[in-house]
Number of protein chains: 2
Amino acid sequence: MASNETKDGSPKPKKQLLLNAFVMNCPGHLSPGQWRNPKNGTANYNKLSFWTSLAQTLDKAGFHCMFIADVLGGYDVYKGPANVDPTLSSGAQFPVNDPLYLVPAMAAVTKNLTFGITASTTYDAPYALARRFSTVDHLAEGRVAWNIVTSYLESAARNFGLDTQVEHDERYRIAEEYMEVVYKTAVAYSDPKLWEGSWRDDAAPRDTETGQFAVPGRVREINHKGKYFNVPGPHICEPSPQRTPFLFQAGTSKAGTDFGARHGEAIFLGGQTPQKVQESVDSLRKTAKEKFGRDPRHMKMIAGITIIVDGTDEKAFKKRDELLTYGDREGALALFGGWTGIDLSTYSDDEDFKFAGLPAVQSMVKCWADTVPGSEGLKWNKARIADFLLLGGTMPKIVGSAKTVADELERWVDEGDVDGFNLAHITNPGSFEDMIEFLLPELESRGLFTATVEKEGATTRERFLGQSRLLDDHTGSQYKWRKD
Amino acid sequence: MASNETKDGSPKPKKQLLLNAFVMNCPGHLSPGQWRNPKNGTANYNKLSFWTSLAQTLDKAGFHCMFIADVLGGYDVYKGPANVDPTLSSGAQFPVNDPLYLVPAMAAVTKNLTFGITASTTYDAPYALARRFSTVDHLAEGRVAWNIVTSYLESAARNFGLDTQVEHDERYRIAEEYMEVVYKTAVAYSDPKLWEGSWRDDAAPRDTETGQFAVPGRVREINHKGKYFNVPGPHICEPSPQRTPFLFQAGTSKAGTDFGARHGEAIFLGGQTPQKVQESVDSLRKTAKEKFGRDPRHMKMIAGITIIVDGTDEKAFKKRDELLTYGDREGALALFGGWTGIDLSTYSDDEDFKFAGLPAVQSMVKCWADTVPGSEGLKWNKARIADFLLLGGTMPKIVGSAKTVADELERWVDEGDVDGFNLAHITNPGSFEDMIEFLLPELESRGLFTATVEKEGATTRERFLGQSRLLDDHTGSQYKWRKD
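What counts as what
- Residues numbered from 1 in each chain as written.
- Chains lettered and ligands numbered in written order.
- Predicted model: local features only at pLDDT ≥ 70, side-chain atom pairs only at ≥ 80, totals over all residues.
- Heavy atoms only, no water.
- Helix = DSSP H or I, 4+ residues; strand = E, 2+ residues; numbered from the N terminus.
- Rg over C-alpha atoms; globule rule 2.2 N^0.38 Å.
- Buried < 20%, exposed > 50% of the residue type's maximum accessible area, 1.4 Å probe, protein only.
- Contact = heavy atoms within 4.5 Å.
- Areas by Shrake-Rupley, 256 points an atom, 1.4 Å probe, with all protein chains shown as cover.
- Lys, Arg positive; Asp, Glu negative; His and termini not counted.
- Charge placed at Lys NZ, Arg CZ, Asp CG, Glu CD.
- Buried area = accessible area lost by both parts, 1.4 Å probe.
- Salt bridge = Lys/Arg side-chain N within 4 Å of Asp/Glu carboxyl O.
- Pairing = 2+ DSSP bridges.
- Right-handed = clockwise from strand over helix to strand, strands pointing away.
- Axes fitted to C-alpha atoms, helices over the stretch in contact; angles between N-to-C directions.
- Parallel < 35°, antiparallel > 145°, perpendicular 65-115°, else oblique.
- Left-handed = near helix turned anticlockwise from the far one by under 90°.

Engineer: Looking at this model, I keep getting lost on the overall build of chain A. Mind explaining?
Structural biologist: Counting its secondary structure elements, chain A contains 15 helices and 11 strands. At 23 Å, chain A has a C-alpha radius of gyration in line with the 23 Å of a compact globule built from 484 residues. Each principal axis of the C-alpha distribution contributes one length, and for chain A these read about 75 × 60 × 45 Å. With 484 residues in all, chain A has 62% of them scored as buried. Excluding contacts between residues fewer than 6 apart, the proportion of contacts in chain A whose partners are at least 24 apart in sequence is 76%. Carbon and sulfur atoms make up 50% of the accessible area of chain A, which totals about 17,700 Å². Within chain A, one finds 56 positive and 65 negative side-chain charges whose respective centroids are separated by 2 Å.

Right, here's the structure in full:
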């Protein structure tokens, strides 16, 4: 049986790919130095029109989501400690403005595009964060998602008054309780259960007959008393279209996988090959089913990828070579320092990090070496690492014609079992416009994508999972307080 | 010498009044119950179009600022403790969404209107708040202001994990250090001084010749180590048009006056009569000059006021009577409970609060009694207090024709020494449209107001004080890091 046929021999219906545009509110997200490219506009990241224009482009083309990364400090490990200088020339994720303030204005000029915004459970009070997302879910009419992170930069910890970061697994324990608090405030509870919630579904009817904007008895305290948080409530916001914003998550550690399998409705996955990604997908789906009783298909799997596409393979490679000339290697090594905590400046130019005795770096670099054609036998020293990271950071890279790229994406779907992609940009404008011109028509002709939406103005959860409210098998649903 | 003449007998040039529209991101700001009025739209506070439409109306009419109040908890003292039920029918400042998310979208559809947003120094980390306002100052191209508050609701404190509020004067000590941190991050410092700052004025030139987005050596840590905060920096945002957002403040206690006289660039004043307000104005200007070395005219004095205006006095009074029919007395008493901490439900219906032995309430109520015509000898029991608060809360009220209202505003300017007004609304749409139709032409004909701006797209500080950056005699200016 061919892999593209079902058991009875009919063609397998193809997955409709979920396509996110992956961006950041800064001059240099994953391709440091490209702001100097005259075709690029990311130096205008601090202008609202830069964002509303991008949002309109993506909306028109049928992208599902603009996914905005975020960090809360500078990348200051390389040539550090506490030195952001290597990031300054390239604007490598520094400076970086708060992404959530972009959403209402972008929602106002688009119809269907949704917005996934990164925010941390480590540095913002759950009561305040619940309010921020409720506010934006109201203003964007349900087209927002929260990418839950626990933060990994020492520089962020120090600026929030800590001597050092909260330990990794402890951050996830805090995040678990954090989610309990926000579900209670944002979602409310079901009578037969012990869990408490805050606003009943029909709590704010704006009933001019009875004179009740909201109804006493349908709003109550959550009285959360936990190890990390005490939050009596009630939630300060009435229910927004999604109540709990659609939940993105990206953890891959043991603690991160458990967290994602429990809370995530879409999971953002890294990995150089579909096989590597498939291992994570399997583990997440298994954990979701066995540990948390969820239908494993109620989590959408989204792989991060960098695409350089043009009319022919040759043109695409030529484009890549031209893009490389704008790359900033110092910025790339600064990003690497932030991601790994390792300062490569303290090593010699010759050091081959495939064998440097740094376990985390070693496995990462070996994996890169395995996937870069013609890289066998070459030294992966800091120059080569920098080169690898220049276009799209650690994301796997696909370069070629629409056919080449679409073939490769199909392979990721088949072998990696993913539902869609977080598409990094190298320049903006540029990368997304190329995908719209060359790749999307090819995907559409293969039945893998359509720019036509099923429902105009759908919420994020409707767009990803078919309904606005949390699915019944999601852990947050136990807190739902339904109308009788 | 008549008060409207200068010493040499020529007519005194009239102050150009600064006019703010006073609103809140909730269904019932200071006039609980009015959401039921079919002319009112505040039940749509959670829709972005409600706000963009208001912003365009105010912008076109020449208002200087939309001033958005905020609280971080419900008014749960009346019939409490911890009971928000009395606020639910009327939507009395509950639910209430986060106001800062409205600004970029409103800025995008307006040219000159500025936005004053309330945010607290008690519950948000200074590093995070500096980032929020820098982000919005970028996106709104300098048209934002921060109304600095320290928060007064127990309900907010509890939801941020405290057993009770931080004590009043301690909140101001924290706020003092908070300002030091944000000036350092937002403003930067001057070389000859010891103070440190973060980004030099010319730190991010986006210089394609040198390949530098930002320049090493022009960005540095602030290394703040204080009693309440440790913030090494650097600031995560490059300089925005105003750097420090324009600063509103409204404290009237001893600690609040010191804080306002030091940091405030516009002060929001309460008080039933121009004489009462003038006492506060005098004290603030004196403190600013003597204690903090500022030109006392570098603080704009803005009095809160509620106006009901129509074609004739008679029509205005008729309008008031009709508005009163939508008022919700339970909501008014709930607001009173939050403002004073006193639950009037525990007193008999007959209790006259002019003599109830509650010092704070007594002086407030006596002051109201003195200014409401025909109120001599009447009992100020809870019903009368509720009636007084129904339209515009504790704000002094002016009802009448454009001439009547303009005469009264002129008296406030002359006797109260104020520079402008925070104009409360009773309905929205409604109140501001009435002022635009009846009052503004009258003020314009008297030379007190013009809808014409001096400079298109001016920043908030330019609009209020003539320049975008902090004035040199402002305490924050000592931290400035100027280009050599």
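Engineer: Before we go on, may I ask you to explain the interface of chain A and chain B in this structure?
Structural biologist: Where interface size is given, it is often the accessible area lost as the parts come together that is meant. In this assembly, 68 residues from chain A lie in contact with 68 residues from chain B. The contact between chain A and chain B buries some 5,800 Å² in all, and 60% of this surface belongs to carbon and sulfur atoms. Linking chain A to chain B there are 6 salt bridges. Ionic pairing is found between Arg 132 of chain B and Asp 124 of chain A, a salt bridge with its closest N-O pair at 4.0 Å.

Engineer: For this particular structure, what's the right way to read the pairing of strand β3 (residues 114-120) of chain B?
Structural biologist: Side-chain direction in a regular strand flips from residue to residue, so the side chains alternate between the two faces of the sheet. All names here are of chain B. For β3, the buried fraction is high: 7 of the 7 residues fall into the buried class. Residue alternation in β3 divides its side chains into two sets, Thr 114, Gly 116, Thr 118 and Ser 120 and Phe 115, Ile 117 and Ala 119, and both sets are buried. Note that strand β2 (residues 65-69) and β3 share 4 bridges and pair parallel. Counted as the bridge partner of Met 66 is Phe 115 from β3. Of the strand pairs in this sheet, β3 and strand β4 (residues 144-149) are connected by 6 bridges, and their pairing is parallel. Following the sheet pairing, Ala 119 is matched in β4 by Ile 148. With helix α4 (residues 126-139) bridging β3 and its parallel neighbour β4, the resulting β-α-β unit is right-handed.

Engineer: Sorry, what's going on with the packing of helix α13 (residues 402-416) of chain B against helix α14 (residues 431-445) of chain B here?
Structural biologist: Two measures define how a pair of helices packs: the angle their axes make with one another and the distance between the axes. All names here are of chain B. The contact between α13 and α14 brings their axes to 9 Å, and the two run at 55°. One element, α13, and the other, α14, form an angle in the oblique class. Every pair of crossing elements has a handedness; the one defined by α13 and α14 is right-handed. Taking contact as the criterion, the partners of Ala 402, Lys 403, Val 405, Ala 406 and Leu 409 in α13 are, on α14, Phe 438, Leu 439, Glu 442 and Leu 443.

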